[in-house]
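Letter by letter, the chains look like this.
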Amino acid sequence: MMRAYELMVIIDGDDDDPKAQSRIKYVTDEITKVGGSIHGKPDWWGKRPFAYQINKKDAGYSLVVECLANGGALDELERHLRLADEIVRHKLIRLPDAEAERRGMADTAA
């Protein structure tokens with residue numbers, strides 16, 4: 001059963017913009033490789049300052065991706081994000097059915 005997810009990734013602010021944006025392609029390719037699909041367009045927020053230092057960094061690039069995938073299919077992607085040195089933080093959440101429906105993701109998720 002396809003489930004709706006939202007993935008936020010914060011990339012090290014010391015990287016240059018094109019290198020950081022290459023992570024968009026990596027994340028979307030990994031999602032499609034496991035049979036998932038991207039809902040809409042990945043939301044690139046650009047470089048933003050942090051409210052407080054994280055790993056001695058003051059800023060980072062933020063990316064938000066909404067996707068549909070089978071349960072457990074994104075475990076390997078999450079493992080890669082956890083191990084990658086250039087990823088400061090990431091968060092993958094399963095959207096509740098009501099929120100997925102509100103965003104227009106429930107029709108294909110059910």
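Residues numbered from 1 in each chain as written. Predicted model: local features only at pLDDT ≥ 70, side-chain atom pairs only at ≥ 80, totals over all residues. Heavy atoms only, no water.

**Quick look at the side chain of Asp-12**
- As for its placement among the helices and strands, Asp-12 is situated in strand S1 (residues 2–12).
- With relative accessibility at 10%, the residue Asp-12 sits in the buried group.
- Apart from the residues within four sequence positions on either side, Asp-12 is in contact with Lys-57, Ala-59, Gly-60, Tyr-61, Glu-86 and Val-88. (Helix = DSSP H or I, 4+ residues; strand = E, 2+ residues; numbered from the N terminus. Buried < 20%, exposed > 50% of the residue type's maximum accessible area, 1.4 Å probe, protein only. Contact = heavy atoms within 4.5 Å.)

**Quick look at helix H1 (residues 17–33)**
- Taking 1.5 Å as the rise per residue, H1 with 17 residues should run 24 Å; its terminal C-alpha atoms sit 25 Å apart, in good agreement.
- Here H1 has its buried residues at Ala-20, Arg-23, Ile-24, Val-27, Thr-28, Glu-30 and Ile-31. Burial along H1 is one-sided: seen end-on, the buried residues are contained in an arc of 160°. Along H1, exposed side chains directed more than 90 degrees from the buried face belong to Pro-18, Lys-25 and Lys-33.
- Summarising the contacts, the buried residues of H1 are in contact with S1, strand S2 (37–38), strand S3 (43–54), strand S4 (57–70), helix H2 (75–83) and strand S5 (87–94).
- Downstream of H1 by a residue or two, Gly-35 has a phi angle that is positive, lying close to 95°. (Expected span 1.5 Å × (residues − 1). Arc of directions from axis to C-beta.)

**Regarding the side chain of Ser-62**
- Looking at where Ser-62 falls in the secondary structure, it is placed in strand S4.
- If sequence neighbours within four positions are ignored, Ser-62 has contacts with Met-8, Val-9, Ile-10, Asp-43, Trp-44, Trp-45 and Gly-46.

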